[in-house]
Amino acid sequence: MIEVKNLVKCYGSHTAVDHLNFTIKKGQIYGFLGPNGAGKSTTMNIMTGYLGATEGEVLINGHNILTEPYKAKKDIGYLPEQPPLYMDMTVLEYLKFVFCLKQLGKTFQEEQLEKIIRLVKLGSVRNRLIKNLSKGYRQRVGLAGALVGFPEIIILDEPTVGLDPQQIIEIRQLIRSLATDHTVILSSHILSEVREICDHIMIIYQGKLVASDTPENLEHKMQGNETIELLAKGNLSSVKGAVASLSSVLEAEYTDPDENGCISAVLTVSGKKDIREDIFWAFADRKLPLLRLANTRTTLEDIFLELTSAPEIVRPKASKKSSPRVQKKTIPEAKLPESKSENQEENEEENDESNL
Ligand SMILES: Nc1ncnc2c1ncn2[C@@H]1O[C@H](COP(=O)(O)OP(=O)(O)OP(=O)(O)O)[C@@H](O)[C@H]1O
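Computed from a predicted model, the values in this text were never measured in an experiment. (Residues numbered from 1 in each chain as written. Predicted model: local features only at pLDDT ≥ 70, side-chain atom pairs only at ≥ 80, totals over all residues.)

**Q** Please clarify how helix H5 (residues 135-147) should be interpreted in this entry.
**A** For H5, with 13 residues, the first-to-last C-alpha span of 19 Å sits near the 18 Å given by 1.5 Å per residue. For H5, the buried fraction is high: 11 of the 13 residues fall into the buried class. Within the sequence span of H5, burial applies to Tyr137, Arg138, Gln139, Arg140, Val141, Gly142, Leu143, Ala144, Gly145, Ala146 and Leu147. Downstream of H5 by a residue or two, glycine 149 has a phi angle that is positive, lying close to 85°. (Helix = DSSP H or I, 4+ residues; strand = E, 2+ residues; numbered from the N terminus. Expected span 1.5 Å × (residues − 1). Buried ≥ 20, exposed ≤ 12 C-beta atoms within 10 Å, placed from the backbone.)

Given below as structure tokens:
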């Protein structure tokens, strides 16, 4: 288990991680999701002992990463954003070197090495110098290094960056398979990736945790009133009359008739009631053919945009011609942070942090 308590990291006057609190439980895949510069890598670097925190602490299975580094780090395998590889070593030499660094002893070394090479599909390049490998293969070597010793917790900073589509699929499958025996934490700004792989998502924005839940619960919590899109053939006043007969419709927006005499409407319905059948009969009674009728769902993309957009650029209300999207809502316990100006970002002080 990992406990992150009140974590703060400041680079000069810039707060990159701002009072983060969360607990990572065993045997699940956690995804850190956030836009560029949100603080994901900084948080991971602190969790793995690469970087010191300004405030707060990280406990790995009860051991403080700073005061008991040996005990804490033995349970962690880490793939940083830029894997620290030795370019003049072959893949095999590098992995043996990582074995030595982790002080795992000689027993089962060969057997485990072969298993890792097989899992990460490095067999064909095992004797090649790392400097002669492509970016994707170097990423695999970094991942293999993180797997050495098969630690209980595997932390991966953007594990699929630089891989081709086939490799991405393979690495995602590998991550999924690791979760049966390991806890995996990965960072990404690829929404579909996090949605596909992770059991639990933590959205980080400007160093703050703005949401933390399963993908399903996040989508459920963000769902307020139901939105329904329809396309009907008829004149505007008849369509409006049909909609007016539906008591649970709170709001309706209409387009003008198109060249086929069809009108699109977006209806906001109170609560989460499915009134598609009522709509069907209301339009059928008035002899208005319904050509399309669809509920719209809040997607993880909506949630991400909702929680990580500066207030002035939060996506607009459903317009007449575009697909309807949910109104701005706040997940309980998750406060929307202040937006940051570009100047503020540019003026951030560079502060050389030495690795611990
Ligand atoms: N050594 C440093 N000195 C000054 N500022 C830094 C330093 N390292 C990171 N930062 C700043 O801290 C903030 C968080 O950076 P971090 O790399 O943790 O974000 P991230 O979420 O991992 O971003 P990305 O997805 O682009 O990798 C950014 O504003 C970044 O510019």
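**Q** I'm lost on the nonpolar core in this one. Help?
**A** A general feature of soluble globular proteins is that nonpolar side chains tend to end up buried together. Met47, Val58, Leu95, Ala144, Ile155, Met202 and Ile203 are the most contacted members of the largest nonpolar core, which has 65 residues in total. Among the elements that take part in this core, H5 stands out by supplying six residues, more than any other. Those residues within four positions of leucine 95 in sequence are excluded, and the remaining contacts are Leu113, Ile116, Ala144, Gly145 and Val148. (Core = buried A, V, L, I, M, F, W, Y, C linked by C-beta atoms within 7 Å. Contact = placed C-beta atoms within 7 Å.)

**Q** For this particular structure, what's the right way to read helix H3 (residues 91-101)?
**A** Because each turn of an α-helix spans 3.6 residues, side chains separated by three or four positions in sequence point in the same direction. Restricting attention to buried positions, one finds in H3 the residues Val91, Tyr94, Leu95, Val98 and Phe99. Seen along its axis, H3 keeps its buried residues to an arc of 145°; they face one direction. Elements in contact with the buried residues of H3: helix H4 (109-119) and H5. Positive phi shows up at glutamine 103, right after H3, with a value of about 50°. (Arc of directions from axis to C-beta.)

**Q** What's the story with the sheet that holds strand E7 (residues 153-157) in this structure? I'm lost.
**A** Sheet strands line up and pair through hydrogen bonds in the backbone, either parallel or antiparallel. Taken in spatial order, the six strands line up as E6-E7-E8-E3-E9-E10 in an open sheet, and their pairing is mixed. Strands at the two margins of the open sheet, each flanked by one partner only, are strand E6 (76-79) and strand E10 (208-213). Adjacent strand axes in the sheet meet at a mean angle of 15° when their direction is disregarded. Across five bridges, the pairing between E7 and strand E8 (residues 183-188) is parallel. Within E8, the residue paired with isoleucine 155 across the bridge is isoleucine 185. In this fold H5 packs onto E6 and E7, with an angle of close to 170° to the strand it touches most, E6. (Pairing = 2+ DSSP bridges. Axes fitted to C-alpha atoms, helices over the stretch in contact; angles between N-to-C directions.)

**Q** I'm lost on the sheet that holds strand E2 (residues 14-24) in this one. Help?
**A** In spatial order, the strands read E2-E1-E4-E5; together these four strands make up an open sheet with antiparallel pairing. Unpaired on one side and paired on the other, E2 and strand E5 (63-64) mark the two borders of the sheet. Where strand E1 (residues 2-11) meets strand E4 (residues 55-60), five bridges bridge the pair, whose relative direction is antiparallel. Paired with glutamate 3 across the strands is leucine 59, a residue of E4. Against the sheet, helix H1 (residues 40-47) makes contact with E1, E2 and E4, and its axis sits at roughly 120° relative to E1, the strand it touches most.

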